[in-house]
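Topology and contacts: notes
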Amino acid sequence: MTQKNSTNTHVTINPNHRPMIYYPIDDDDYESADFYKNNGCAVRKITLNGKPHRFALVPAQTQKQADCINREFSYLPQKMDIKTPTSNDQCQNA
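All of the points below concern the structure found in this document. Every value quoted in this text rests on a predicted model; they were computed, and no experiment measured them. The numbers attached to residues start from 1 for each chain and follow its sequence in the written order. Local features in a predicted model are, by the rule used here, given only for residues with pLDDT of at least 70; side-chain atom pairs are given and counted only at 80 or more, and totals for whole chains, interfaces and linings are based on all residues. Note that the side-chain values use all heavy atoms of the structure and ignore hydrogens as well as water.

When DSSP locates at least two bridges between a pair of strands, those strands are taken to pair. Per the convention used, a helix needs a DSSP run of H or I reaching at least four residues, while a strand needs a run of E reaching at least two, with both numbered from the N terminus. Within the open sheet, the three strands sit side by side as β1-β3-β2. Their pairing is antiparallel. Pairing within the sheet leaves two strands with one partner each, and these edge strands are β1 (20-25) and β2 (42-48). Within this sheet the neighbouring strands show an average axis-to-axis angle of 45°, counted without direction. As defined by bridge partners, β2 adjoins strand β3 (residues 51-59) across seven bridges and the pair is classed as antiparallel. Residue pairing in the sheet places Lys 45 in a bridge with Arg 54 of β3. In this description, a line fitted to the C-alpha atoms serves as the axis of each element, helices being fitted only across the stretch in contact, and the angle between N-to-C directions of two axes falls anywhere from 0 to 180 degrees.

Take the environment of Cys 68 next. Inspection of the secondary structure assignment puts Cys 68 in helix α2 (residues 63-72). Here's how the labels work: a residue is buried when its accessible area is under 20% of the maximum for its type, exposed when over 50%, partly exposed in between, all with a 1.4 Å probe on protein chains only. Accessibility expressed as a relative area gives 7% for Cys 68, which makes it buried. Through-space distance from the C-alpha of Cys 68 to that of Ile 21 is 9.1 Å; in sequence the pair is 47 residues apart.

By themselves, these figures tell us nothing about what the structure is for.
Pasting the structure below:
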């Protein structure tokens, strides 16, 4: 006797999703956190390597722009195969 598996997958697609730039904020820098909050950006604590860090999540125009800026701050996973730009002009034009 064979068992027939029937699975239903529910997926929610957010049409307003935008790539994010993660700007690091020092723990004692309340002025920067307030600046980002007052301008509509979220400020979150994200745990990296077992240590919590504060970041301002700023929407980017494109995923390429977000990847380029996040790479400058070295918060992209090192295992990702992303080609590094040869000059900063490519980051600014994204």
